[in-house]
Amino acid sequence: QNATPAAVAVTTTAVQQNNDGSKTNTATPETQLSRGQRKRQAKREQYLKREKMILSTLKLQKEDDQKKRIDGMDAIRKALKATMTKSTSDSSKVHPNGDDRVETNKAKQQVAAKEVTHMNLVLQHPAFQSNPFDTIKQHLKNTLADQAEEQQVKSELRTKQELEEAAKRKEAKKERLGVKHRKKFHATRRNNKR
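Residues numbered from 1 in each chain as written. Predicted model: local features only at pLDDT ≥ 70, side-chain atom pairs only at ≥ 80, totals over all residues. Heavy atoms only, no water.

1. What about the overall build of the protein?
Part 1 of the argument: Helices and strands together make up the secondary structure of the protein, namely 6 helices and 2 strands.
Part 2 of the argument: The linear arrangement of helices and strands in the protein, starting from the amino end, is α-β-β-α-α-α-α-α.
Part 3 of the argument: When burial is assessed residue by residue, the protein has 7% of its 194 residues classed as buried.
Part 4 of the argument: Only carbon and sulfur atoms are counted for the fraction: they give 54% of the accessible area of the protein, which is about 17,300 Å². (Helix = DSSP H or I, 4+ residues; strand = E, 2+ residues; numbered from the N terminus. Buried < 20%, exposed > 50% of the residue type's maximum accessible area, 1.4 Å probe, protein only. Areas by Shrake-Rupley, 256 points an atom, 1.4 Å probe, with all protein chains shown as cover.)

2. Observations concerning the environment of Thr104
Part 1 of the argument: Within the element layout of this structure, Thr104 appears in the loop between helix H3 (74–83) and helix H4 (105–124).
Part 2 of the argument: In this structure the side chain of Thr104 is engaged in a polar contact, spanning 3.1 Å, whose partner is the backbone nitrogen of Ala107. (Polar contact = N/O pair within 3.5 Å; in protein donor to acceptor, adjacent residues only side chain to side chain.)

3. As for a positive patch on the surface
Part 1 of the argument: Judged by side-chain charge, Arg35, Arg38, Lys39 and Lys43 come together as a positively charged surface patch.
Part 2 of the argument: Relative to the helices and strands, Lys43 resides in helix H2 (residues 35–68).
Part 3 of the argument: The exposure class of Lys43 is exposed, given its relative accessible area of 61%. (Patch = residues over 30% accessible without salt bridge, like charges linked within 9 Å, V, L, I, M, F, W, Y side chains within 5 Å. Salt bridge = Lys/Arg side-chain N within 4 Å of Asp/Glu carboxyl O. Lys, Arg positive; Asp, Glu negative; His and termini not counted. Charge placed at Lys NZ, Arg CZ, Asp CG, Glu CD.)

4. Points about the confidence of the model for the protein
Part 1 of the argument: The share of residues in the protein with pLDDT of 70 or more is 61%, and the mean pLDDT across the chain is 76.
Part 2 of the argument: Here helix H1 (residues 5–11) stands out as the element of the protein with the lowest mean pLDDT, 46, in contrast to H2, whose mean of 90 is the highest.
Part 3 of the argument: In the model, residues 1–14 has pLDDT below 50 throughout and makes 11 contacts with residues more than four positions away in sequence or in other chains.
Part 4 of the argument: Predicted confidence for residues 85–92 stays below pLDDT 50, and this span has 4 contacts to residues more than four positions away or in other chains. (pLDDT = per-residue confidence, 0-100. Contact = heavy atoms within 4.5 Å.)

5. A short note on a nonpolar patch on the surface
Part 1 of the argument: There is a patch of nonpolar side chains on the surface, built from Ile54, Leu55 and Leu58 and spanning about 290 Å² of accessible area.
Part 2 of the argument: As for its position among the elements, Leu55 is in helix H2.

Now the structure itself:
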């Protein structure tokens, strides 16, 4: 008796009397659902609502990430920054963590202006005009060669350290097993003498 009007509407079926005296069921498909079907439908709607919320959140995060980049050309921006001199000015604030993100809109505009002028110089270069892909490839080889060598040296050093550590562990294991083996050998030898 304390049911809400919505619940009453769902649980009752609308019955209409025809001219000939027969009754017909005019209930909508929603009102003809069983209790289990209504539960499943509610769960499905709740799931879809949650999924929609998650997708919208991911979309907003993606948009924020794209706003942090300049024109979405992050790799080109980094390559151009590497070629530019390391002049820092107070007007272009760099993120305190040390990464290359620019914080203010004014600083973004200044970086973009520098990159546009630099890109115009690159476009006017005869080597770039003759074969742009090979020129970019050669530029990246030249600028990234030092980094590649440094990474190679670090990798070799790390591999050497890992091999030395493995050898030390192996020697320690041999010593432990050798002591156990000798104890076992001497114990069996003593038992055989008795």
